[in-house]
Every structure is written in structure tokens, then in C-alpha cells.
Amino acid sequence: MASAAEGAGAPLVLLVHGGAGDVADEGVPRKLEGVRRAAQAGYEVLRGGGAALDAAVAAVHVMEDDDAFNAGYGSVLNVDGEVEMDALVMDGKTLNAGAVGVIPDVRHPIDAARLVMECAPHVLLVGEAAKRFAVARGVEAAPPGALVTPRAQAALRQAVERGDYTMHDTGGSTVGAVAIDSRGHLASATSTGGTSGKMVGRVGDTPLVGCGGYADDTVGTVSTTGHGESIIKTNLAHSIIVLMRQGLSAQDATQRALDELGRRLNNTAGAITLSNKGDVGVAFISKRMSWAYRKGNEMHYGIDPDQHCVEIVQEKEN
Ligand code: GLY
């Protein structure tokens, strides 16, 4: 049965990604399961009449708790073997944004980013200070080392052996969600552990407005993933928004901005986009990117290029 929120105006859409990169075959089932669970969790918030921002954050929570993804628990490690995470939220109605960079030892960095947006007179807080700010206001702390997984440790050893400290994929990568709610408002939420073997203190693209994400009710909303330094140099999220302003569809704008990044910088990335009409864009220039969206009673998902599966969701009667 449709909820009161459905059909009241704009279509409800909750779109997520679980990171672009070199996902190994054995990692595919958990990624697909995780992005579908996240899309469903976020959509339930929208269906209950919730705001796009609440829905996007709820979807990201699911992936931050799942070590199939490089965010929260399961984040990749810096060169000293520590977790330092980045996260960003943006509200398309107000253009308000909040972010944290290199934050240690919190279960849900996306909650810390939201707190910065709602409770600080700034957009971005970093490091221990960001953690203190967030934990003092109720964000759940994690004991030192609790977010470190054996897989992340193995990925760090590999990065050190190869001498390649730019890898953003260890079978998991950045996560993100974009949403449009029943009032037509948009939001974006993105969270990551960054790149394996990164320098201590490295800040990636994710917490930077216009790079890791963007939301503007007059156009659309974006969350990005991939090689952070390349995304920063191309302002990937805002580049997609600019192309949509020029009249491109969500899909064409996303694809074109990624093609430009690939052409100029020869690196991998991906992005998810929603227009303010609820049109969906999903594109990546990497081997794989897990994604899923719930729109009406349909769950769409995929991970390989050109893969697009659709399932009808049977709602439980209340
Ligand atoms: N896109 C995630 C990072 O490079 O930090």
C-alpha cells in the first residue's frame, strides 16, 4: 500500500553507490546486497514522509556499518595503520553543508558531518577536534582500533609492497546517497575511509563541497566516488550540476563529467545523480561501481558496466 508521502508531489527516489573501483569477483555479492539494503533503508524514511537529508543519512549509516564498504567500520588505513575518515552532507533547499575530515574513532562519520552543518558556524572540521565536537554532542565514539578490519590491514600491506598509496579500493570504496523527498527537496551524503596507505592527515575529495557531493533543489544532487585527488581537481560533483544547468539530463551530465575526468587525468571515478524531477544518473569510469535505487515499488541495481537489474519490491502490510 502506498504511504501518505508517496504520490503527494515529486517522486520519491533514494539512490546510493558503494564505491567505484577494481572490485574483485568475490566481493560482488556483498556489495550488491549492501547497496540494496541501504537504498531500501533510505527509501523507508522517504516513504514515512521523512526529509531527503534524513533518508540519505540513513542509507549511508547502513553502508558505514558494513565492512564490504570503505566507510566507518571497514575503512581503509593510512600509512600508520590508522582509520581517518571524511564525510559530507548537503541540503539542497538551503545549500547548507557540513563536513568532517580525517576524523578518527566515530562509528558514523556522516552523523558528525551533519552535526557540523547543524551546530557549527563552519562547513568543515577536521581531526581530533572534529571528533571531540561530534562526540560531545552525542555522536557515537568507537574505541581506538575498533574500526580496523583484517581486510583493511591486508590492503595496507599490499599498498606498501606495491608502493602505490592511491588505491581507493580494497574490495570496498567510498559510499554515498542522494535523495528527493515528497516536498521535492534534495540532499546528498557521502562517507569514506579515503585511500589505502595515504599520508597521515590526507584529506580527500569527499568532505569538499562540489567535489565529494552537491545538492541544489533548483537543479539536482550528486555524490561521487573514486580517486580523490582527481575528483578535487575537476570539482566533479559541481561540474555535473553545471552541465545539468546547461540542459543535460542527469545521466548525460554524469557521464560527460566523468569522461572529461578520465580524459584529462587518466584516473577512475564514479558518480550518482538525481535531477530535481527525480531523473536518475549513474556512471563510472572504473572496472565496477555498485549502485542501487528505489523508486516507487521498483528496486534497480547493478555493479558491472551496462548491468541494470530491476526487482519489484513487495511491501509488507502493516
Ligand atoms: N574518493 C575517496 C577518496 O579518495 O578519499
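Its UniProt record gives the protein chain a comment under Function (unreviewed entry), which states: "Has both L-asparaginase and beta-aspartyl peptidase activity. Does not have aspartylglucosaminidase activity and is inactive toward GlcNAc-L-Asn. Likewise, has no activity toward glutamine." If you open the UniProt record of the protein chain and go to Subunit (unreviewed entry), you find "Heterodimer of an alpha and beta chain produced by autocleavage."

Caption draft 1: Representation of empty space enclosed by the protein in the model. By the definition in use, this model includes one cavity of 30 Å³ or more. A volume near 50 Å³ is recorded for the largest cavity. As for the largest cavity, its lining consists of twelve residues, of which Thr174, Gly194, Arg202, Asp205 and Gly226 are closest to the centre. Here the lining of the largest cavity is composed, by residue class, of no nonpolar, nine polar and three charged.

Caption draft 2: Geometry of the site of the ligand. Taken together, Thr174, Thr192, Gly194, Thr195, Arg202, Gly204, Asp205, Thr206, Gly226 and Gly228 form the complete shell of residues around the ligand. Note that a nitrogen atom of the ligand is positioned 2.7 Å from one of the side-chain N or O atoms of Asp205. Within the backbone of Gly228, an N or O atom sits 3.0 Å from an oxygen atom of the ligand. Protein chains shield 100% of the accessible area of the ligand, which is 200 Å² for the free molecule. The cavity that encloses the ligand is the largest cavity. Grouping the amino acids of the shell around the ligand by side-chain chemistry returns no nonpolar, eight polar and two charged.

Thresholds applied
- Residues numbered from 1 in each chain as written.
- Predicted model: local features only at pLDDT ≥ 70, side-chain atom pairs only at ≥ 80, totals over all residues.
- Heavy atoms only, no water.
- UniProt positions renumbered as here; feature names shortened; annotations may be inferred.
- 1 Å grid on protein atoms, 1.4 Å probe; cavity = no way out; pocket = protein on both sides within 12 Å on 5 of 7 lines; lining within 4 Å.
- Points joined across faces, edges and corners; volume = space filled by probe spheres on them.
- Nonpolar A, V, L, I, M, F, W, Y, C, P; charged D, E, K, R; others polar.
- Near = heavy atom within 4 Å.
- Polar contact = N/O pair within 3.5 Å; in protein donor to acceptor, adjacent residues only side chain to side chain.
- Areas by Shrake-Rupley, 256 points an atom, 1.4 Å probe, with all protein chains shown as cover.
- Sits in = over half its atoms within 2 Å of the grid points.

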